[in-house]
Amino acid sequence: MKTRLLTKLDIEAAAAILRGGGLLGIPTETVYGLGADGLNTPAVRRIFEAKGRPQDNPLILHIPEASWLERYCRNIPAAAYTLAERFWPGPLTMILRRRENVPNAVTCGLNTVGMRCPAHPVTLEIIRAAGTPVAAPSGNRSGRPSPTCAAHMLEDMDGRIDAIVDGGSCGVGVESTIIDLTSSVPRLLRPGGLPLEALREALGEVAVDRAVLSPLPAGEKPKAPGMKYRHYAPKAPVTVVTGKSRRTARYIRKKMGEHTGVICFDEFAGAFPGCAVEAIGAAADPAEQARRVFDALRAFDGTDVTEIFAQCPGDAGLGLAVANRLKKAAGFQVVDLGEAAP
Ligand code: TXA
Ligand code: MG
């Protein structure tokens, strides 16, 4: 299969691929997604094949506006509308009870479904033109860092999907925040582009699922099935170093060798002579770090780097999502030097 590159002018062609049961790379504000008609079971199955995705990891449905929620969800709590009003379109996925018309292929048999309205004008137009909710995981091969531009998605998916719509670089850079609204207290399942603080301001109490902060004990089932897999991994093993940024830089300098790669804050870009260095933004700017973290994780592939050390932000704002992605890329191999950065 030849994978075509479409532009934002090709809305009709893109929608036709979805309506015809094909696979389409779509830009969103978070990361690129691998979309298919979410009501078409064979098309949804092809997403799993193209990604090499485990069969028990459900997909989220992308819709163009909150009024579509009723079509696919039932017993929708008031909190869902509060959040949609404030944060949609935007980097927030809500887990809700699903209706029967949502295929098992999407939910992997769960009685819930993840719903998201992405803030990308081109993709919103494509979904409207297709007239169907779009099931879309991130557009990477399973286990790889999520793609934040069309070129990165093509790297992973060339020849495996019908087309990618080039909508430019993703403004947020990490995936959507996932909140489960089916339990009595809303629960954060995945930190992402919308900070936890914003959810708490809107809803009051929000619990944080254990899988967000640490690896689950063997045998325990995470609420978001995807949280149990090693993820975002570059080819070389990653060690995350947490603590004040000057201390973590000093630690990495002591450990570094000839084939060490370093992911660091901008202030320390010159502190690791002889190493391959990827700076991801100022220590106090987690939003910029979010935009650059996946590109940094990809950048060492194809180099002679055999180990990667990463500085890590604290948990405030988008720092929680950046730290989560780095720790997952490291398989939770973390050296903790105390109080958080900067
Ligand atoms: O920003 C995003 O959310 C991107 C863009 C493309 O929209 N999509 C994305 O999808 O990150 P994916 O499949 O890579 O991650 C979705 C996560 C997985 O960890 C999956 O297990 C979880 O959402 N998930 C999906 N449906 C769920 C459900 N019903 N209950 C709990 N977790 C669910
Ligand atoms: Mg993903």
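Anyway, here's the lowdown on the structure attached to this text. What you are looking at is a predicted structure, and each value in this text was computed from that prediction instead of being measured. (Residues numbered from 1 in each chain as written. Chains lettered and ligands numbered in written order. Predicted model: local features only at pLDDT ≥ 70, side-chain atom pairs only at ≥ 80, totals over all residues. Heavy atoms only, no water.)

## Side note on the overall build of the protein chain
So, point 1. Helix and strand content of the protein chain: 12 helices and 17 strands.
So, point 2. Summarising its shape, the C-alpha atoms of the protein chain cover approximately 55 × 50 × 35 Å along the three principal directions.
So, point 3. Every one of the 342 residues in the protein chain was classed for burial, and the buried ones make up 57%.
So, point 4. In the protein chain, of all internal contacts separated by at least 6 residues, the share reaching a separation of at least 24 is 67%.
So, point 5. For the protein chain, the accessible surface area stands at approximately 13700 Å², while carbon and sulfur atoms represent 50% of it.
So, point 6. Each charge class in the protein chain can be summarised by its mean position, and for the 41 positive and 36 negative side chains these summaries are 4 Å apart. (Helix = DSSP H or I, 4+ residues; strand = E, 2+ residues; numbered from the N terminus. Buried < 20%, exposed > 50% of the residue type's maximum accessible area, 1.4 Å probe, protein only. Contact = heavy atoms within 4.5 Å. Areas by Shrake-Rupley, 256 points an atom, 1.4 Å probe, with all protein chains shown as cover. Lys, Arg positive; Asp, Glu negative; His and termini not counted. Charge placed at Lys NZ, Arg CZ, Asp CG, Glu CD.)

## Quick look at the sheet that holds strand β14 (residues 260–264)
So, point 1. Judged by pairing direction, the sheet is parallel, and its five strands sit side by side in the order β15-β14-β16-β13-β17 without closing on themselves. Two strands in the sheet have a free side with no partner beyond their single neighbour: β15 (276–279) and β17 (334–336). Between one strand and the next, the sheet's axes are offset by a mean angle of 20 degrees, whatever the strand orientation.
So, point 2. Sheet topology places β14 next to β15; four bridges connect them, and they run parallel. By the bridge assignment for β15, Cys264 is matched with Ala279.
So, point 3. The sheet contacts of helix α10 (residues 245–255) involve β13 (238–242), β14, β16 (307–311) and β17, and relative to β16 the element is tilted by about 165 degrees.
So, point 4. Packed onto the sheet, helix α11 (residues 286–299) meets β13, β14 and β15 and runs at close to 170 degrees relative to β15. (Pairing = 2+ DSSP bridges. Axes fitted to C-alpha atoms, helices over the stretch in contact; angles between N-to-C directions.)

## Some remarks on the site of ligand 1
So, point 1. The environment of ligand 1 is formed by 26 residues, the closest being Thr30, Asn57, His62, Ser176 and Gly226.
So, point 2. At a separation of 3.0 Å, an oxygen atom of ligand 1 approaches a polar side-chain atom of Ser138.
So, point 3. Here ligand 1 has 690 Å² of accessible area as a free molecule, and 97% of this is covered by the chains.
So, point 4. Mapped by element, the contributors of at least two residues to the shell around ligand 1 are β4 (60–62), β7 (112–116) and β11 (187–190).
So, point 5. At three residues, β7 tops the list of elements feeding residues into the shell around ligand 1.
So, point 6. Class assignment of the residues belonging to the shell around ligand 1 gives a composition of 13 nonpolar, eight polar and five charged. (Near = heavy atom within 4 Å. Polar contact = N/O pair within 3.5 Å; in protein donor to acceptor, adjacent residues only side chain to side chain. Nonpolar A, V, L, I, M, F, W, Y, C, P; charged D, E, K, R; others polar.)

## Considering the packing of helix α4 (residues 78–87) against helix α8 (residues 196–203)
So, point 1. Two numbers describe how α4 lies on α8: the axes approach to 10 Å, and their chain directions differ by 125 degrees. With respect to α8, the element α4 is oriented oblique. As α4 packs across α8, the resulting crossing turns out to be right-handed. Facing α4, whose interface residues are Ala79, Thr82, Leu83, Arg86 and Phe87, α8 presents Ala198, Leu199, Glu201, Ala202 and Leu203.
So, point 2. A breakdown of the residues in the contact of α4 with α8 according to their chemical character gives seven nonpolar, one polar and two charged. (Parallel < 35°, antiparallel > 145°, perpendicular 65-115°, else oblique. Left-handed = near helix turned anticlockwise from the far one by under 90°.)

## Let's talk about the packing of aromatic side chains
Aromatic ring pairs are reported here in terms of the distance separating the ring centres and the angle at which the planes meet.
So, point 1. Under the counting rule described, the total for this entry stands at zero aromatic pairs.
So, point 2. Stacked on the ring of Trp68, the Lys or Arg Arg71 has its end atom at 4.1 Å from the ring centre. (Phe/Tyr/Trp six-rings, centres within 6.5 Å; stacked < 30°, edge-to-face > 60°. Lys NZ or Arg CZ within 6 Å of the ring centre and 35° of its normal.)

## Section: the side chain of Arg298
So, point 1. Turning to its location among the elements, Arg298 is positioned in helix α11.
So, point 2. The exposure class of Arg298 is buried, given its relative accessible area of 6%.
So, point 3. Only 2.7 Å separates the side chain of Arg298 from the backbone oxygen of Pro145, close enough to count as a polar contact.

## Some thoughts on the pattern of salt bridges
So, point 1. In this structure the tally under the stated criterion is 13 salt bridges.
So, point 2. We note a salt bridge from Arg19 to Glu12, for which the minimum N-O separation is 3.0 Å.
So, point 3. You can call Arg19 partly exposed: its relative accessible area is 42%.
So, point 4. Taking the shortest distance from any N to any O, the salt bridge between Arg116 and Glu29 comes out at 3.0 Å. (Salt bridge = Lys/Arg side-chain N within 4 Å of Asp/Glu carboxyl O.)

## Comments concerning a positive patch on the surface
So, point 1. A contiguous patch of positive charge on the surface is contributed by Lys244, Arg246, Arg247, Arg250, Lys254 and Lys255.
So, point 2. Looking at Lys244, the relative accessible area reads 43%, which means it is partly exposed. (Patch = residues over 30% accessible without salt bridge, like charges linked within 9 Å, V, L, I, M, F, W, Y side chains within 5 Å.)

## Topic: unusual backbone geometry
So, point 1. That bond from Trp88 to Pro89 is cis: its omega, -10 degrees, falls within 30 degrees of zero.
So, point 2. Residue position: Pro89 is located in the loop between α4 and β6 (92–98).
So, point 3. Its identity as a non-glycine residue notwithstanding, Asn75 has a phi of 50 degrees, on the positive side.
So, point 4. When you line up the elements, Asn75 lands in the loop between β5 (73–74) and α4.
So, point 5. Take Asn75: its relative accessible area is 59%, and that puts it in the exposed class.
So, point 6. Even without glycine at this site, Phe332 takes up a positive phi of about 60 degrees.
So, point 7. On the basis of relative accessible area, Phe332 is assigned to the buried category, the value being 19%.

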